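Residue strings, one per chain:
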Amino acid sequence: MGGSHVWRAGPGVFRLVLPGPRRGGFLQQRVEQLVRDSIAAGVLVEGDRLPPYRVAAVTSGVSIHTIMNAYRALIVDGVVRSVPGDGCFIAGPVRYRDFFTPPDDGPSV
């Protein structure tokens, strides 16, 4: 990746900050949803670099393991791509399926 997509701490840089209390479950899902919402709102666009794990953990107030698991889930969903040695980047625009998981109603007859 070129220098234009390098994450820098400073004004106007995306910071992973979770609104509301940090207690309770589902922190990983809240991190994932924050990234998805930021893409949908145009705050993050294709090619933007997500904050490194440690920086995201500090700014969000959750553990580095939670951040790593959230990023991995976003990679599996195709929302984020990982470039070894360079970081995690927004893979492309959010698709409808990225917001909703269809209910599993069991086998259809």
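Everything numeric in this text was worked out from a predicted model, so none of it was measured.

Student: Describe in detail the packing of helix α2 (residues 53–60) against helix α3 (residues 64–76), supporting the description with residues and values.
Tutor: Each pair of packed helices can be summarised by the angle the axes make with each other and by the distance between the axes. For the pair α2 and α3, the least separation of the axes is 8 Å and the interaxial angle reads 115°. Regarding α2 and α3, the two cross each other, and that crossing is right-handed. Contact with α2, carried on its side by Tyr 53, Arg 54, Ala 56, Ala 57 and Ser 60, involves Ile 64, Ile 67, Met 68 and Tyr 71 of α3 and no other residues of that element. The residue inventory of the contact of α2 with α3, partitioned by class, reads 7 nonpolar, 1 polar and 1 charged.

Student: How would you summarise the packing of helix α1 (residues 27–40) against α3 if you had to cite specific residues and measurements?
Tutor: The contact between α1 and α3 brings their axes to 9 Å, and the two run at 50°. If you check the angle between α1 and α3, you find them oblique. Crossing of α1 over α3 shows right-handed handedness. Judged by residue contacts, Leu 27, Gln 28, Val 31, Glu 32, Val 35 and Arg 36 of α1 engage Thr 66, Ile 67, Asn 69, Ala 70, Ala 73 and Leu 74 from α3. Of the residues in the contact of α1 with α3, the class split is 7 nonpolar, 3 polar and 2 charged.

Student: So what's going on with the pattern of salt bridges? Which residues, and what values?
Tutor: Inspection of the entire model under this criterion finds 2 salt bridges. Notably, a salt bridge pairs Glu 32 with Arg 36, separated by 4.0 Å at the nearest N-O pair. Placement of the pair is Glu 32 and Arg 36 together in helix α1, with a separation of 4 residues, close to one helical turn. Of the two residues, Glu 32 and Arg 36, both sit in the buried class. Of the charged contacts, one joins Arg 36 and Asp 77 as a salt bridge, the two residues approaching to 2.5 Å between their closest N and O atoms. One end of the pair, Arg 36, is in helix α1; the other, Asp 77, is in the loop between α3 and β1 (80–83), and 41 residues separate them in sequence.

Student: For the pairing of β1, give the residues involved together with the corresponding values.
Tutor: As paired strands, β1 and strand β2 (residues 87–90) are joined by 4 bridges and run antiparallel to one another. Its bridge partner lying in β2, Val 80 is registered against Ile 90. Taking the residues between adjacent antiparallel strands as the criterion, β1 and β2 are bridged by 3 residues, where Gly 85 takes a positive phi near 80°.

Criteria and cut-off values
Residues numbered from 1 in each chain as written. Predicted model: local features only at pLDDT ≥ 70, side-chain atom pairs only at ≥ 80, totals over all residues. Heavy atoms only, no water. Axes fitted to C-alpha atoms, helices over the stretch in contact; angles between N-to-C directions. Helix = DSSP H or I, 4+ residues; strand = E, 2+ residues; numbered from the N terminus. Left-handed = near helix turned anticlockwise from the far one by under 90°. Contact = heavy atoms within 4.5 Å. Nonpolar A, V, L, I, M, F, W, Y, C, P; charged D, E, K, R; others polar. Parallel < 35°, antiparallel > 145°, perpendicular 65-115°, else oblique. Salt bridge = Lys/Arg side-chain N within 4 Å of Asp/Glu carboxyl O. Buried < 20%, exposed > 50% of the residue type's maximum accessible area, 1.4 Å probe, protein only. Pairing = 2+ DSSP bridges.

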